[in-house]
Amino acid sequence: MPNNKTVVSQEQIAHQYEYMQFIARMNEDKAQVRGQRPKAFTQTFGCQQNEADTQRIAGMLDEMGYEKTDRTEDADVIVINTCAVRAHAESRALGNVGALSHLKKARPEVTICLCGCMVQQEHMPDKIKKSYPQVDLVFGTHALWRFPELLYRRLTGDKRVFDISGDAAGYIAEGLPVLRDGGTKAWLSIMYGCNNFCTYCIVPYVRGRERSRAPEEIVHELEQLVADGYKDITLLGQNVNSYGKDLDEQIDFSDLLMRLNEVPGDFLLRFMTSHPKDASHKLFDTMATCDKVAKQLHLPFQSGSDTVLKRMNRGYTAEHYRELIAYARSKMPDISLSSDIIVGFPGETEEDFEKTRTLVAEVGFDMLYTFLYSKRSGTPAAEMPDDTTHAVKQARFERLLKTQDETVQARQDAYQGKRLRVLVDGMSKGTEYPLTARTEGGLLVCCAGDDLKIGEFADVEIEKTSLRCLFGRSV
């Protein structure tokens, strides 16, 4: 069923380009006086979707005539894109903003901007107004597409600009410029928002409801990425398995993968994140069939205890998760698996934790992202009783890491002597294996070989293994 999302009209997008042109002309005048273009600094906290959002912000800044810099002290505009998923990311972002107070005193003309999920929380604008006077512009996730207009207002007289407006349904805005870093990898957003309302998660409140981009827009962007030389492309969504539910066209995520797999070129498609309640046999059948879809699956299970999963509002059981993994492996025996786990969710008992640890040992993940529960104001879990001490949670966390490390080492050792196809993507810190690469399953390989070139696929034979990396030589 289509939802009430707002599709930003091309007339509205054109209006934002007008603001970009206004600022570009202002920056041309500044460049004439200074002898160089004004500079912009961006920093991103949080997930890959935030990184993709920052690339759109960078694209708009480039259109406005700003040159990119990696030094805040050289910047005329500073944009910090924030995360609200965990308290640590929030405190780091605010710490970095606090440190900019000295820069603002020395150079009052610098424009400091805060955006993203953290500022979309209802309580945050007042906190920033009172405690961070150096911040000039604050805009939430729903106002990102209006960044040029908001920046123009600040540059032309408004003392401080705050905009966390937008309804819960959220927006789809096509046609904004993007500035990527180059190289071999690229993010490609296929949808935004989330409808799941896991009790620990703030995302649906700050990013809005699920809304899918039109398939033709996604296909067009993929074609452009391939033409630009990107070869490792990750499709992004809070829950990609929900793709298409809000579109008039009858299309789901598996159908989209099939369509994208038909785009000409030599590239790999990955995707994240999948939700177990919506993952299907059709998805795994499609992955097995599509030659350009990496045999890699990130499927967060969060807890191995059905009691905890129910309190989390995850919508599946541990047994259902096991069945999904078994079917995926039956179709793709060499599939690489990763997952997310929360340790110390309110009310988690020792028995609950042991069920999680057992599931980790049974499945044998190639990679695991493990987090201690982080209380998020405004979520149901924040009001749940929690009498387990931090020390107990930390001890469980370390035991889980030990179990996972043992599993990973065994899986890494199994690659000894194998020949793998990799995409060479950068330089390593070592001299014996000077290049880095990724397998189809996303595993890191440090490699060597005179015929290896960054940005190209190659075959390597694994000579050594370690917990975090494989070492190979071209064959």
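Described in the following lines is the structure provided in the data block. (Residues numbered from 1 in each chain as written. Predicted model: local features only at pLDDT ≥ 70, side-chain atom pairs only at ≥ 80, totals over all residues. Heavy atoms only, no water.)

1. Focus on the pairing of strand S16 (residues 367–372)
So, step 1. Relative to S16, strand S15 (residues 336–343) is paired through 6 bridges, and the arrangement is parallel. Looking at S16, one finds that Ile-342 is bridged to Phe-371.
So, step 2. For the handedness criterion, the β-α-β arrangement of S15, helix H14 (residues 350–363) and S16 is classed as right-handed. (Pairing = 2+ DSSP bridges. Helix = DSSP H or I, 4+ residues; strand = E, 2+ residues; numbered from the N terminus. Right-handed = clockwise from strand over helix to strand, strands pointing away.)

2. A look at empty space enclosed by the protein
So, step 1. Enumeration according to the criterion identifies 2 cavities of 30 Å³ or more in this entry.
So, step 2. Estimated volume of the largest cavity: approximately 280 Å³.
So, step 3. Forming the walls of the largest cavity are 21 residues, and the residues nearest its centre are Asp-53, Thr-141, Leu-144, Tyr-171 and Tyr-192.
So, step 4. Within the residue set of the lining of the largest cavity, elements represented by two or more residues are helix H2 (48–63), strand S5 (111–116) and strand S8 (171–172).
So, step 5. In terms of residue count, the dominant contributor to the lining of the largest cavity is H2 (3 residues).
So, step 6. Residue classes in the lining of the largest cavity are distributed as 10 nonpolar, 5 polar and 6 charged.
So, step 7. The computed volume of the second largest cavity comes to approximately 60 Å³. (1 Å grid on protein atoms, 1.4 Å probe; cavity = no way out; pocket = protein on both sides within 12 Å on 5 of 7 lines; lining within 4 Å. Points joined across faces, edges and corners; volume = space filled by probe spheres on them. Nonpolar A, V, L, I, M, F, W, Y, C, P; charged D, E, K, R; others polar.)

3. Here's the deal with the sheet that holds S15
So, step 1. Strand order across the open sheet formed by 3 strands is S14-S15-S16, with parallel pairing between neighbours. Either end of the sheet is taken by a strand with one partner, and the two such strands are strand S14 (296–298) and S16. Within this sheet the neighbouring strands show an average axis-to-axis angle of 10°, counted without direction.
So, step 2. Pairing of S14 with S15, which is carried by 3 bridges, proceeds in the parallel orientation. When the bridges of S15 are listed, Leu-297 appears paired with Leu-337. (Axes fitted to C-alpha atoms, helices over the stretch in contact; angles between N-to-C directions.)

4. A word on helix H13 (residues 318–331)
Given 3.6 residues per turn, any residue in an α-helix points the same way as the ones three and four places further on.
So, step 1. Its 14 residues give H13 an end-to-end C-alpha distance of 20 Å, which sits within 8% of 20 Å, the value for a rise of 1.5 Å per residue.
So, step 2. Here the buried face of H13 lies against helix H11 (281–289), helix H12 (306–312), S15 and H14. (Expected span 1.5 Å × (residues − 1). Contact = heavy atoms within 4.5 Å.)

5. Some thoughts on the packing of H14 against helix H15 (residues 390–413)
So, step 1. In the contact formed by H14 and H15, the axes pass within 9 Å of each other and the chain directions differ by 15°. Here H14 is positioned roughly parallel relative to H15, judged by the angle of their axes. Handedness of the crossing formed by H14 with H15: right-handed. For the pair formed by H14 and H15, the contact residues are Glu-350, Phe-353, Glu-354, Arg-357, Val-360 and Ala-361 on the first element and Arg-396, Arg-399, Leu-400, Thr-403, Gln-404 and Thr-407 on the second.
So, step 2. Grouping the amino acids of the contact of H14 with H15 by side-chain chemistry returns 4 nonpolar, 3 polar and 5 charged. (Parallel < 35°, antiparallel > 145°, perpendicular 65-115°, else oblique. Left-handed = near helix turned anticlockwise from the far one by under 90°.)

6. Observations concerning the side chain of Arg-211
So, step 1. Within the secondary structure, Arg-211 sits in strand S11 (residues 211–212).
So, step 2. Of the side chains bearing the opposite charge, Asp-246 lies closest to the buried Arg-211, which forms no salt bridge; the N-O distance is 7.5 Å.
So, step 3. Of note is the side chain of Arg-211, whose polar atom sits 2.8 Å from the backbone oxygen of Arg-209. (Buried < 20%, exposed > 50% of the residue type's maximum accessible area, 1.4 Å probe, protein only. Lys, Arg positive; Asp, Glu negative; His and termini not counted. Salt bridge = Lys/Arg side-chain N within 4 Å of Asp/Glu carboxyl O. Polar contact = N/O pair within 3.5 Å; in protein donor to acceptor, adjacent residues only side chain to side chain.)

7. A short note on the packing of aromatic side chains
Two descriptors summarise a pair of aromatic rings, namely the distance from one centre to the other and the angle between the planes of the rings.
So, step 1. What the rule picks out here adds up to 13 aromatic pairs.
So, step 2. When the ring of Phe-301 is compared with that of Tyr-321, the centres are 5.2 Å apart and the planes differ by 50°; the resulting orientation is tilted. Highlighted residues: Phe-301 in the loop between S14 and H12 and Tyr-321 in helix H13, separated in sequence by 20 residues. For the pair shown, Phe-301 and Tyr-321 are each scored as buried.
So, step 3. Connected via pairs of aromatic rings, a cluster forms that spans Tyr-19, Phe-22 and Tyr-152.
So, step 4. Stacked on the ring of Phe-162, the Lys or Arg Lys-129 has its end atom at 4.9 Å from the ring centre.
So, step 5. The ring of Phe-457 carries the charged tip of Arg-421 above its face, separated from the ring centre by 3.9 Å. (Phe/Tyr/Trp six-rings, centres within 6.5 Å; stacked < 30°, edge-to-face > 60°. Lys NZ or Arg CZ within 6 Å of the ring centre and 35° of its normal.)

8. Side note on the sheet that holds strand S19 (residues 444–448)
So, step 1. Reading around the circumference, S17-S18-S19-S21-S20 is the order of the 5 strands in this closed barrel, with mixed pairing throughout. Strand-to-strand twist across the sheet, computed as the mean angle between neighbouring axes with direction ignored, equals 50°.

9. Side note on the packing of helix H1 (residues 10–34) against helix H7 (residues 147–155)
So, step 1. In contact at an axis separation of 8 Å, H1 and H7 are set at 40° when each is read in the N-to-C sense. Overall, the two elements H1 and H7 adopt an arrangement that is oblique. For the pair H1 and H7, the sense of crossing is left-handed. From H1, Gln-16, Tyr-19, Met-20, Phe-22, Ile-23 and Met-26 reach across to H7, where they touch Phe-147, Pro-148, Glu-149, Leu-151, Tyr-152 and Leu-155.

10. Some words on the nonpolar core
Here is a general trend for soluble globular proteins: nonpolar side chains tend to be buried in one another's company.
So, step 1. Counting 65 residues, the largest nonpolar core has Ile-233, Phe-253, Phe-271 and Phe-284 as its most contacted members.
So, step 2. For this core, the element with the most residues is H13, which contributes 6 residues.
So, step 3. If near-sequence neighbours (up to four positions away) are discounted, Ile-233 is found in contact with Ala-186, Leu-188, Leu-222, Leu-225, Val-226, Phe-267, Leu-268, Leu-269 and Arg-270.
So, step 4. Ranked by size, the runner-up nonpolar core spans 25 residues in total, among them Val-8, Ile-13, Met-20 and Cys-113. (Core = buried A, V, L, I, M, F, W, Y, C linked by side-chain atoms within 4.5 Å.)

11. Focus on the pattern of salt bridges
So, step 1. Taken as a whole and judged by the stated rule, the model has 40 salt bridges.
So, step 2. The closest approach of N and O atoms between Glu-90 and Arg-376, which form a salt bridge, is 3.0 Å. Taken together, the residues Glu-90 in helix H3 (residues 87–99) and Arg-376 in the loop between S16 and H15 connect sequence positions 286 residues apart. Judged on exposure class, the residue Glu-90 and its partner Arg-376 are both buried.
So, step 3. Two residues, Lys-355 and Glu-351, come together in a salt bridge whose shortest N-O distance is 3.9 Å. Taken together, the positions of Lys-355 and Glu-351, both in helix H14 and 4 residues apart, correspond to about one turn of that helix.

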